[in-house]
Amino acid sequence: MLHRILQRQAKKFIGGVENIPQKWNPFFDAISKTYLDFDNDHALLDRSLELSSKEFFENNRLLREAKEGVEKIVQERTKELEYEKKRVEEANVIIKEKNKYLEVAINAKNDFIRIANHQLNTPLSIMKNAYSMVCDGSLTAEKGVEYWGSGLKRILQVVEEFWTVLELEGEVKLNIQKNSIILAIKNAVEDSKKVIATNKKSLEIIINEPDFKIPFVLCDIKRINNVIYNLIDNAISYTQKGMISISYQMVENNKYLKVNIKDTGVGFTKEDKEKIGQKFYRAKNALLSHPDGSGIGLYISKSIIENNKGKLFYESEGENKGSVFSFILPVAD
Amino acid sequence: MKIEQKLWTKETGWQNTSLEKLSEKPQLVLVFGGRTLMEDERYFKEIRSLYPKSHIIECSTAGEVLDTKVRDNSIALTAIFFKKTKVKFAETDIADIDDSLAAGKRLADALPQKGLVHAMVFSDGLHVNGTSLVEGLNNNLPPTVSVTGGLVGDGADFKKTVVGLDHVAMESKIVLIGFYGSNLKIGYGSLGGWDTFGVERLITKSKGNILYELDDKPALELYKTYLGDKAKDLPSTGLLFPLRLRIKEDKNREVVRTILGIDEKNQSMTFAGDMPEGGHVALMKANFERLIDGASGAGNMSIESLGSVAPQLAILISCIGRKLVLKERVEEEVEAVREVIGQQTAMAGFYSYGELCPSTPTEKQCRLHNQTMTITTFREE
């Protein structure tokens, strides 16, 4: 059977395959076989290219999907990285703050040691000198004992203050109850009057009675008592003459009772104001008028007030213009 | 050098095809023939009686080339008398594919190296890893010695290939001829002409020349998909789609690999040379004109080093894959070679299961090729 192209050509040119001369048959058979082989090869090639195309399409699809997948992953990772970056930045801020805090803490520790040394050294020097003088007979034993007594008292006071600081910086157990601070203030004022008398200062201390009924407050009265004594002591220490007046106010919609201790003493500058209340800080004029102060009393008072959910305030018009130290405490229902 | 050529066909019996008739005793008689003929003692005896003192090398083929004719189940005989050149021979048995490297070394060691200028190898075509055989030869021969040759064939059957040196051709034999002396000029060239198509695939599982998986899928399955109903004629139809192998570790060198056998049970395919894991392969397809151009190009390469004087003899070893594709046009590639090397050169050869030749005319390092026309030319001065 000749290839269909040859059959058609035979028909066209010689009327049909039956008219091919017999001697030409091998020739036509050879051409026919070539045509058939060509068809087969062509079919195989077509098939291969079609399969190959399919593979390319499939690979293309997979690549596209992979690309989309990669893009998605990149987006997610970018988001994660941004989040992490933010977290790192935040952590950096915290670390910087902590570093600052640590720096302050290290400085504070150094100050603590320096001040402890100074605070203890002064009474110890007095006691040592008194001892020497008693030994060489230039001071009577009786007088010596008096010096030692006062030195020991000072040492005990310093130690107690430091313990209070350490206690306040740790976990403080407070006994918060409904209390009246009227009595505490009265007692403190009465005691202060004796101190003023001893110091021979021309200083008056008064309580301005309010025109409202002083309410009960929520506080640990024992510790607030310390605050009141400390603030009045400070007022006496830094005021040579004039007046110390104590007044009451209701603030913040009557939710807090405010106690103001106003003096006519050395006062402080705006710059000092920012640092007053920090541990061991002492204003320049405070140092001049009362060099033995530890700079710790106000820090303790501030910490106690804050632990009692209150707040400590201090104002001054400037140096030698007096000052007002106040605190507020929450009113009991 | 004097050459006498004879042809045996069932129809005509022995006949002289060359004008020249040797009066001298040839040292070398190359016999290329159909496998059953080569195994038949009768024909060997006939040849021996024609050349009682010569070394006779018999090779089974996938098609015999004599002059510009390509035949099947014929015997193409070329008897060569060298005036000045000496020839020496070595033969070895190859135990199995894993013996390929050692077999190459054994053969190389068996030839005296002094004065050796070229070697030609004819190897069993099925029980050998061509890459390893070549490596063995390259390793143990001096680097100045070039090697060409081929893996002999068995039609399109891929069942049994035979080779013999001075005896009836047998399975699992490899013969090496050494050519000695400065008067012999040798040229060689090897080109394919196949085009890659489709996607490149990664060899994910292989062992030596046995390929199991491409891109983690059975390689045999891929071939079957592409061959369609022609898959039933595997392995021979596998030659329609040789593989272009790119080896990244070897400077991205590209070689063509052709299939020798399949194993349905293991879903594997055996190739003529190594198919290393990590290599990349792409299917190749034939382009008639390029195949013919390839043959012509190989011809040009093979005479490049011989200068202006034409060679006296050209041995053509062309891949069975080309014959399967070219079919009735197969003689066109032999004619293309003839056109290039000239009318005076005696031409003989065979269709093979693998071709061995350096990649360029200036290179000595022999390599295994597939799907190429590989030509070795000789001229004695």
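Residues numbered from 1 in each chain as written. Chains lettered and ligands numbered in written order. Predicted model: local features only at pLDDT ≥ 70, side-chain atom pairs only at ≥ 80, totals over all residues.

K.L.:
Would you mind going over the overall build of chain B with me for this structure?
P.N.:
For chain B, the helix and strand inventory stands at 8 helices and 26 strands. Among the 381 residues that make up chain B, the fraction classed as buried is 55%. For chain B, the share of sequence-separated contacts (at least 6 apart) that also reach a separation of at least 24 residues comes to 80%. (Helix = DSSP H or I, 4+ residues; strand = E, 2+ residues; numbered from the N terminus. Buried ≥ 20, exposed ≤ 12 C-beta atoms within 10 Å, placed from the backbone. Contact = placed C-beta atoms within 7 Å.)

K.L.:
Sorry if this is basic, but what is going on with the pairing of strand β7 (residues 75-81) of chain B here?
P.N.:
The side chains of a regular strand alternate between the sheet's two faces. Residues and elements named next belong to chain B. Burial of β7 is extensive: 6 of the 7 residues sit out of reach of the surface. Here strand β1 (residues 2-9) pairs with β7 via 7 bridges, running antiparallel. Bridged to Gln 5 within β7 is Thr 78. Judged from the 6 bridges that link them, strand β3 (residues 28-33) and β7 form a sheet pairing that is antiparallel. Bridge pairing links Leu 30 to Thr 78 in β7. (Pairing = 2+ DSSP bridges.)

K.L.:
Is there a simple way to think about the sheet that holds strand β7 (residues 323-330) of chain A in this case?
P.N.:
Hydrogen bonds between backbone groups are what pair the strands of a sheet, and the pairing can be parallel or antiparallel. Residues and elements named next belong to chain A. Pairing is mixed in the open sheet, where 5 strands are placed in the order β2-β4-β5-β7-β6. Each edge of the sheet is formed by a strand with only one pairing partner; in this case those strands are β2 (202-208) and β6 (311-316). This sheet shows a mean twist of 15 degrees between the axes of neighbouring strands, independent of strand direction. Note that β6 and β7 share 6 bridges and pair antiparallel. Considered in β7, the bridge of Tyr 314 is made with Phe 325. On the sheet, helix α4 (residues 182-199) packs against β2 and β4 (241-251) and is oriented at approximately 170 degrees with respect to β2. The strands touched by helix α8 (residues 297-307) are β6 and β7; relative to β6, the strand with the most contacts, the crossing angle is about 135 degrees. (Axes fitted to C-alpha atoms, helices over the stretch in contact; angles between N-to-C directions.)

K.L.:
Looking at this model, I keep getting lost on helix α6 (residues 288-304) of chain B. Mind explaining?
P.N.:
Along an α-helix, residues three or four apart share an orientation, since each turn contains 3.6 residues. All names here are of chain B. Compared with the 24 Å implied by 1.5 Å per residue over 17 residues, the 25 Å span of α6 between its first and last C-alpha is a close match. Considered for burial, the residues of α6 that qualify are Leu 291, Ile 292, Gly 294, Ala 295, Ser 296, Gly 297, Ala 298, Gly 299, Met 301, Ser 302 and Ile 303. Among the structural elements, β13 (184-191), β21 (280-286), β22 (313-319), α7 (320-326), α8 (330-341) and β26 (373-380) are those in contact with the buried residues of α6. (Expected span 1.5 Å × (residues − 1).)

K.L.:
Please clarify how the sheet that holds strand β10 (residues 146-151) of chain B should be interpreted in this entry.
P.N.:
Residues and elements named next belong to chain B. Pairing in this open sheet of 6 strands is mixed, and the strands run β8-β12-β9-β10-β24-β25 from one edge to the other. For this open sheet the edge positions go to β8 (86-93) and β25 (366-369), each flanked by a neighbour on one side alone. Averaged over all pairs of adjacent strands, the angle between strand axes in this sheet comes to 15 degrees, irrespective of strand direction. In this structure, strand β24 (residues 354-358) lies alongside β25, joined through 4 bridges in antiparallel fashion. Bridge assignment links Pro 358 to a residue of β25, and that residue is Cys 366. Against the sheet, helix α4 (residues 130-140) touches β9 (116-123), β10, β24 and β25, its axis set at about 170 degrees to β25.

K.L.:
Is there a simple way to think about the interface of chain B and chain A in this case?
P.N.:
Quite often, the size of an interface is put as the accessible area lost when its parts meet. Counting from both sides, the interface comprises 11 residues of chain B and, opposite them, 14 residues of chain A. Listing elements by their share of the side of chain B that touches chain A, those giving two or more residues are β14 (194-207) and α5 (219-227) of chain B. Looking at the side of chain B that touches chain A, its residues break down into 4 nonpolar, 3 polar and 4 charged. (Nonpolar A, V, L, I, M, F, W, Y, C, P; charged D, E, K, R; others polar.)

K.L.:
Help me out: how do you make sense of the nonpolar core in this one?
P.N.:
Proteins that are soluble and globular tend to have nonpolar side chains buried together. Of all hydrophobic cores here, the largest spans 121 residues; its most connected members are Val31(B), Cys59(B) and Leu316(B). Built from parts of two domains, this core gets at least three residues from each of domain 1 (2-191 + 289-380) and domain 2 (195-286) of chain B. Ignoring any residue separated from it by four or fewer positions in sequence, one finds Val31(B) in contact with Ile47(B), Ile56(B), Ile57(B), Glu58(B), Cys59(B), Ile75(B) and Leu77(B). Counting 35 residues, the second largest nonpolar core, distinct from the first, contains Ala184(A), Ile205(A), Ile246(A) and Phe327(A). (Core = buried A, V, L, I, M, F, W, Y, C linked by C-beta atoms within 7 Å. Domains from an automatic or database assignment.)

K.L.:
Would you mind showing me how to read the packing of α4(A) against helix α5 (residues 221-237) of chain A here?
P.N.:
The description of two packed helices rests on the angle between their axes and on the distance between the axes. All names here are of chain A. Across the interface, α4 lies against α5 with an axial gap of 10 Å and an inter-helix angle of 35 degrees. The handedness of the crossing between α4 and α5 comes out as right-handed. Counted together, Ala 184, Ile 185, Ala 188, Val 189, Ser 192, Val 195 and Ile 196 of α4 and Ile 221, Ile 224, Asn 225, Ile 228, Tyr 229, Ile 232 and Ile 236 of α5 form the full contact between these two elements. Classifying every residue of the contact of α4 with α5 by side-chain character gives 12 nonpolar, 2 polar and no charged. (Left-handed = near helix turned anticlockwise from the far one by under 90°.)

K.L.:
Help me understand the packing of helix α3 (residues 100-110) of chain B against α4(B), please; the structure alone is not making it clear to me.
P.N.:
All names here are of chain B. Between α3 and α4, the shortest axis-to-axis distance is 7 Å and the interhelical angle comes to 35 degrees. Where α3 crosses over α4, the two elements pack in a sense that is right-handed. Residues Ser 100, Leu 101, Ala 102, Ala 103, Gly 104, Lys 105, Leu 107, Ala 108 and Asp 109 of α3 form the contact with α4, whose participating residues are Ser 132, Leu 133, Val 134, Glu 135, Gly 136, Leu 137, Asn 139 and Asn 140.

K.L.:
Would you explain the environment of Pro242(B) in this entry?
P.N.:
With respect to the secondary-structure elements, Pro242(B) resides in the loop between α5 and β17 (243-247). By C-beta crowding, Pro242(B) is classed as buried, having 29 other C-beta atoms within 10 Å.

K.L.:
Explanation requested: unusual backbone geometry in the structure shown.
P.N.:
Working note: non-glycine residues mostly have negative phi, and peptide bonds are mostly trans. Residues and elements named next belong to chain B. Of the consecutive residues Leu 234 and Pro 235, the connecting peptide bond is found in the cis state with omega at 10 degrees. The topology assignment puts Pro 235 in the loop between α5 and β17. Even without a glycine there, the phi angle at Asp 216 is positive, about 65 degrees. Given 9 C-beta atoms within 10 Å, Asp 216 falls into the exposed group.

K.L.:
Before we go on, may I ask you to explain the environment of Lys84(B) in this structure?
P.N.:
Residue and element names in this part refer to chain B. With respect to the helices and strands, Lys 84 occurs in the loop between β7 and β8. In sequence terms Lys 84 and Glu 380 are 296 residues apart; their C-alpha atoms lie 7.6 Å from each other. The contacts of Lys 84, once residues within four sequence positions are left out, are Gly 181, Asn 183 and Glu 380.

K.L.:
What exactly am I supposed to notice about α8(B) here?
P.N.:
Looking at α8(B), one finds that the buried residues are Glu333(B), Val334(B), Ala336(B), Val337(B), Arg338(B), Val340(B) and Ile341(B). Remark: Gly342(B) follows α8(B) within two positions and exhibits a positive phi of approximately 100 degrees.

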